[in-house]
Structure formats: C-alpha cells, structure tokens
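Results of the structural survey
Take a look at the letters that make up each chain.
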Amino acid sequence: MIGLISATAAGAAARDRLAAAWPDRTRVYGGPVADAVRAAFAECDRLVCFLATGAVVRLVAPLLHGKADDPGVVCVDEAGRFAVPLLGGHGGGANELAREVGEVLGAEPVVTTATDAVGLPGLDTLGLPVEGDVAAVSRALLDGEAVALRAEVTWPLPPLPVGAEGAYTVRVTDRIVESVDGQAVLRPPTLVVGVGASKGAPVEEVLALVEGALREAGLSAASVAELATVDAKAGEPGLVEAARRLGVPLVTHPAEDLAGVAVPNPSDAPLAAVGTPSVAEAAALVGGGELLVPKRKSAGSPAMATCAVVRRPGRGRLAVVGLGPGARDLLTPRARDELRRASVLVGLDQYVDQIRDLLRPGTRVLESGLGAEEERARTAVEEARRGQAVALIGSGDAGVYAMASPALAEASDDIDVVGVPGVTAALAAGALLGAPLGHDHVSISLSDLHTPWEVIERRVRAAAEADLVVTFYNPRSRGRGWQLPKALAVLAGHRAPGTPVGVVRNASRADESVRLTTLAALDPATVDMMTVVTVGNTATRQIAGRMVTPRGYRWQEETR
C-alpha cells in the first residue's frame, strides 16, 4: 500500500489526483502531518509526501530502522513539478514510484541514486537476493574498476560492465559461500525442494528437514524457488506454513504426473497413500533438472516428512520488442524496460541506431544489415539458449511483418519468450490520415520476396470483394515497380475512382509526409518502401480534409 500525505490545499489537490488514479494502491492519511507520516510509515511499504524534502527528513528521521526494513519515500513539491525519491530508492521501490508518480502528475522524477544516474542496474534491483560486499562492488562498477563475473549457475542477468578478472567479483551461485571482501553474491532461484508429509506433520519438523538438507548440501535457502508436492497435500498445514516462512510458493502436481517421473528411490507407501510411488523426488524433478539431494526423511519418530532438492537449469529469456514507427515518444515504456534489461541486443543496424542511447553500459550489440532476418532470429534464439537476457528488435510491432515470426519459428520451449507490442506503421499512418481504419480492415504486404505474387493477388482480390479498407505495406521498391499498380487495378474493379487513398511516408519521423488522394489520382511512382498506402472502402469519405471510414451506426445515417 502507498500512503499519501499532504499539508496544504495545493498538495491535497495533487494527492487526490494520485489517489483517483490508483484507488486500489493508495491510502490517504489526514490529520496532523507528523501523526500521518508516523502512521503511514508503520503501515505502508511506500509513501508519497506532498511536502518539502527538509520537512520530510525531519519527520522520518526518528522512524528509521534500516535499509532492508524502511519503506520507500517520495517527496513531491506542492506545484507537482518534481518527484524526489528521498528514502529506499532501490530496496524500498522509491525510484520506480517516483517515475510512476511523474507519469500521473506530469512531474519530473529526480533520481539521485548513483547507479541510476549513470545508467547501471543496481545489484539490489535485479530481482535476486544479493549478499556480501554489495556497497564496495557497486562502487567499483560505478568507478569503472575491474569487476569479474563468476556465474556458477546460468541466469539471464541484465547487462553488467564486468570482465574476466578484477579485485571485485559478482558471483552468481546457489551455494553457500564464505563472505569475502570485494565480493557480491547474487542468488538466482534455481532450487526446487520437493516435500512429502504425513497428515498433521508439524511445520517445525518440515522446516528442520528442509533447512538441514540444504545446509548439509552446501545450498543457500535464498535460492529456493518453490516447495513442490502432490495435489493431495495442497492444504497440509505444515507444508503451507513452511512455504510461507521460507517466502516461496507451495506448488502442487497431480499424482498421475508425479507417477510418470523416473526417480531413484520409489516407495510403496506414497503409492498407497496418494497414488504415486514418489512425492518428494518426483515433485522436485517433474520440471527437469539435476537431483542434488535424494529423498531424505525427517528426524521425527516416526518420520512425518520427506524432502529432495533439485537444481533446475536456468532458462534464457528472449524479448521480441516492437520499437514503433520511429518517433521516440511512440516507443512504449515496456519496450524501454526490455531494452535496458537485455544483456544482448540483436537487430537491424538502422533500428539499433534509433535506440542505442537507451542501452545500459555492458550491453552486447549484435547488428546486421537488410536481408538478414533469419540470421538475426537464429542468433537471438541461440543467445537465449546460452542463458542470456536477449532483446530482438523490430520496427512497428515485432509481430507484424517483423522479427517475431522468424524468431518463434526457431525457438523451442527451452527458453522464455516475451512479446512487447509496438505501434504499427498502419496505426501511425491511420492517426495522421484521420480515421481510415474505423471499420473492418486488412494489411497486405506487396513484397513477393517471400510470398508468391499469385497468393498476394488472391488476397488483394478477396479484400476488394469483401469491401475491406486495405493498407499496403512494402508497396514499391526500385526492383518492384509493377505490383502496386496491379493491386490498385484489382481494387478499382470494385471501388469508385474517387475512393479516398492515404499515402504516408516515414510516419512519425522527422521527414514524414502525408497526402490524401483518390484511387484514380494516385501516382504509384510517388510511393516507395518507406510508405504505407491506405485505400478506403466504399463507405470511406473525405471529411474536413481527413480520411474517415464510418462505423455505420444509425445516427451517422440519419445525419448525412
């Protein structure tokens, strides 16, 4: 919950705007300001104070406990111009909250955390538990000193400016390691603990078994991703409470699924009780991985719990990112986040140039020229299979005549794939033209490099007969001059010569051009590969210099 506190009418107005935008995330604290801050500090995980920073410093100073416990605090001036993360920038989420507040109120986030200021990811912002000499290693990264990366397990990390050697180390491991000066330890969630339990098994017995198994195997509890068991034990109180105390989910599987998992230590007892010869080992192994701790029993007499530990292989991550039509303000926030998260960027050289300034230091860029789509797709998938966090970029929406299709044709289920939508050329052009896509419409590429012209023409003819608005991608190039006239002739067989046609070149870019013409007047020689051509249907009209396809509501008929 986010606590909101203000002291004046101006502050209250901004506070209420935030409360209205986030009704389920916020709570307004009234009354004397000191009492409100004290109550919110105790009850919320983040605060937004519409007060001067000096006042907030004095109010929260007596309440501070420690970096790991204090809520994030953001100060917003009463004019709503700036959002300043004052406390808990990383761990408390104040930096991200300041950015969110800025989006709602139009305020500028003033982030002063050192790593954010220079574009580096903080070690405590990677979504993984981090231990050790974090401050010293972070300072070394900031100062450009040599920092080595020791990845003992594979995990898709964001870019870090690390090398092979150095006095400082970022170590990625799920094993218990000795604390060493100059070493920060990242704990990826690679471990699955399978657990079985008799009815009424005490939580203390379950926890002692799990923690003892991890400790004796030299494994860190901070890397446990889940406790896993059979469906029949989903509500077993000892297992539910053990998972809660460990801070991980209790994941359950059907007995028939567990029965199909090959295990080294099957038993007749669980087969009779819940329908599978193994619970602990099978539940840990059901997703694959390396069995590090075979089934062991708890110390109770009789033993009421069993456990086994598996290390699942780290999965690479492939984000297929649409950059939009070219304008920076049409690049979505989600796309920005993925670009900054990726340790490897794969893309067409001219698209890489558009967003190179958004990449974090240490990002490895693999760029190539036109005509290498399949090669880029294979490269991106291969990098993800090596456990990297990869962003594969394309213009517009990556799923529309772009990189998503060839990449997903290469990818199997051994990597995680994330699609990030983007504003398409058709949508960008449509917004400039007016509302040509207001009713049913279709996009057709006129490039016959990958699709036979006979297929393209059949699709154009079907769209003409169905009276669909048509947007042509890749309409004409130096080597392909006849396809657009042929497609327009097909449409002309079903539409009047005066049918509106929109011609948009380089939509949203500095040299964009927009023309509204007709089916009869369009000169194909004025069109190139940077252009999209939108041809209206029989209902499309020019209204006040704009191209409009009505939706056909009754009121529109009555007002004509």
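Up top is the structure these notes are about.
The structure presented is a predicted model; accordingly, all values stated were derived computationally and were not measured.

**Some remarks on the overall build of the protein chain**
Of regular secondary structure, the protein chain possesses 19 helices and 28 strands. Its C-alpha atoms give the protein chain principal-axis dimensions of about 90 × 65 × 55 Å. Evaluated residue by residue, the protein chain yields a buried proportion of 46% over its 560 residues. Taking the average location of the 55 positive side-chain charges in the protein chain and that of its 66 negative ones, the two points are 4 Å from each other.

**Focus: the pattern of salt bridges**
Scanning the entire structure with this criterion turns up 31 salt bridges. Taking the shortest distance from any N to any O, the salt bridge between R25 and E100 comes out at 3.1 Å. Separated by 75 residues along the polypeptide, R25 in the loop between α1 (9-21) and β2 (26-29) and E100 in helix α4 (residues 94-105) bring together distant segments of the chain. Take R25: its relative accessible area is 28%, and that puts it in the partly exposed class. Between E383 and R386 there is a salt bridge, with its nearest N and O atoms 3.0 Å apart. Relative accessible area serves as the criterion here: at 7%, E383 is assigned to the buried category.

**A look at the pairing of strand β3 (residues 46-50)**
Among the five residues that make up β3, five are buried, leaving the element largely enclosed by the rest of the structure. Residues R46, V48 and F50 of β3 are buried on one face, and the alternating residues L47 and C49, pointing to the opposite face, are buried as well. Relative to β3, strand β1 (residues 2-6) runs parallel, the two being bridged by five bridges. Its bridge partner lying in β3, L4 is registered against V48. Relative to strand β4 (residues 72-76), β3 runs parallel, the two being bridged by four bridges. Bridging across to β4, L47 finds its partner in V73. Taken together, β3, helix α3 (residues 53-60) and β4 constitute a β-α-β crossover, and its handedness is right-handed.

**Things to note about the side chain of T306**
Within the secondary structure layout, T306 lies in strand β15 (residues 305-311). Classification of T306 as buried rests on a relative accessible area of 19%. If we skip the residues at most four places from it in the chain, T306 touches G194, V195, G196, L209, A280, K295, R296 and K297.

**Concerning the sheet that holds strand β19 (residues 389-394)**
What the five strands build is an open sheet, ordered β18-β17-β19-β16-β20; its pairing is parallel. Only two strands of the sheet have a single neighbouring strand rather than two, namely β18 (364-368) and β20 (416-420). Neighbouring strand axes in the sheet, compared pairwise and without regard to direction, differ in orientation by 15 degrees on average. Of the pairings in the sheet, the one linking strand β17 (residues 344-348) to β19 comprises three bridges and is parallel in character. If you follow V344 over to β19, its bridge partner there is V390.

**Notes on the state of the cysteines**
Following the criterion strictly, the structure yields zero disulfides and no others. With no disulfide of its own, C44 has C49 as its nearest cysteine by sulfur position, at a separation of 10 Å. Between C49, a free cysteine, and C75, which holds the nearest cysteine sulfur, the sulfur-to-sulfur gap is 5.6 Å. Among the residues examined, C49 registers a relative accessible area of 0% and is labelled buried.

**Things to note about the environment of S223**
With respect to the secondary-structure elements, S223 resides in the loop between α7 (203-216) and β12 (224-230). Among the residues examined, S223 registers a relative accessible area of 0% and is labelled buried. Not counting chain neighbours up to four residues away, the residues in contact with S223 comprise T173, D174, R187, P188, P189, T190 and L191. From its side chain, S223 meets the backbone oxygen of P188 in a polar contact 2.9 Å long.

**Topic: the side chain of D77**
Note on placement: D77 falls in the loop between β4 and β5 (82-87). Residue class for D77 comes out buried when judged on its relative accessible area of 19%. A polar atom in the side chain of D77 sits 3.0 Å from the backbone nitrogen of R81.

**Points about the packing of α1 against α4**
One can describe the packing of α1 onto α4 by two numbers: an axis separation of 10 Å at closest approach and a directional angle of 100 degrees. In terms of axis orientation, α1 runs roughly perpendicular to α4. Contacts from A14, R17, L18 and A21 in α1 reach V101, V104 and L105 in α4. The residue inventory of the contact of α1 with α4, partitioned by class, reads six nonpolar, no polar and one charged.

**Concerning the packing of aromatic side chains**
Using the criterion set out here, one finds two aromatic pairs in the structure. For the ring pair Y401 and Y473, a centre distance of 4.8 Å and an interplane angle of 50 degrees mean the geometry is tilted. Of the two residues, Y401 sits in the loop between β19 and α15 (404-410) while Y473 sits in strand β23 (residues 469-473), which places them 72 residues apart along the sequence. A residue is classified by how much of its surface remains accessible, and Y401, at 44% relative accessible area, is partly exposed. Aromatic pair W453 and W482: ring centres 5.0 Å apart, planes at 70 degrees, arrangement edge-to-face.

The rules behind each value
Residues numbered from 1 in each chain as written. Predicted model: local features only at pLDDT ≥ 70, side-chain atom pairs only at ≥ 80, totals over all residues. Heavy atoms only, no water. Helix = DSSP H or I, 4+ residues; strand = E, 2+ residues; numbered from the N terminus. Buried < 20%, exposed > 50% of the residue type's maximum accessible area, 1.4 Å probe, protein only. Lys, Arg positive; Asp, Glu negative; His and termini not counted. Charge placed at Lys NZ, Arg CZ, Asp CG, Glu CD. Salt bridge = Lys/Arg side-chain N within 4 Å of Asp/Glu carboxyl O. Pairing = 2+ DSSP bridges. Right-handed = clockwise from strand over helix to strand, strands pointing away. Contact = heavy atoms within 4.5 Å. Axes fitted to C-alpha atoms, helices over the stretch in contact; angles between N-to-C directions. Disulfide = S-S within 2.5 Å. Polar contact = N/O pair within 3.5 Å; in protein donor to acceptor, adjacent residues only side chain to side chain. Parallel < 35°, antiparallel > 145°, perpendicular 65-115°, else oblique. Nonpolar A, V, L, I, M, F, W, Y, C, P; charged D, E, K, R; others polar. Phe/Tyr/Trp six-rings, centres within 6.5 Å; stacked < 30°, edge-to-face > 60°.

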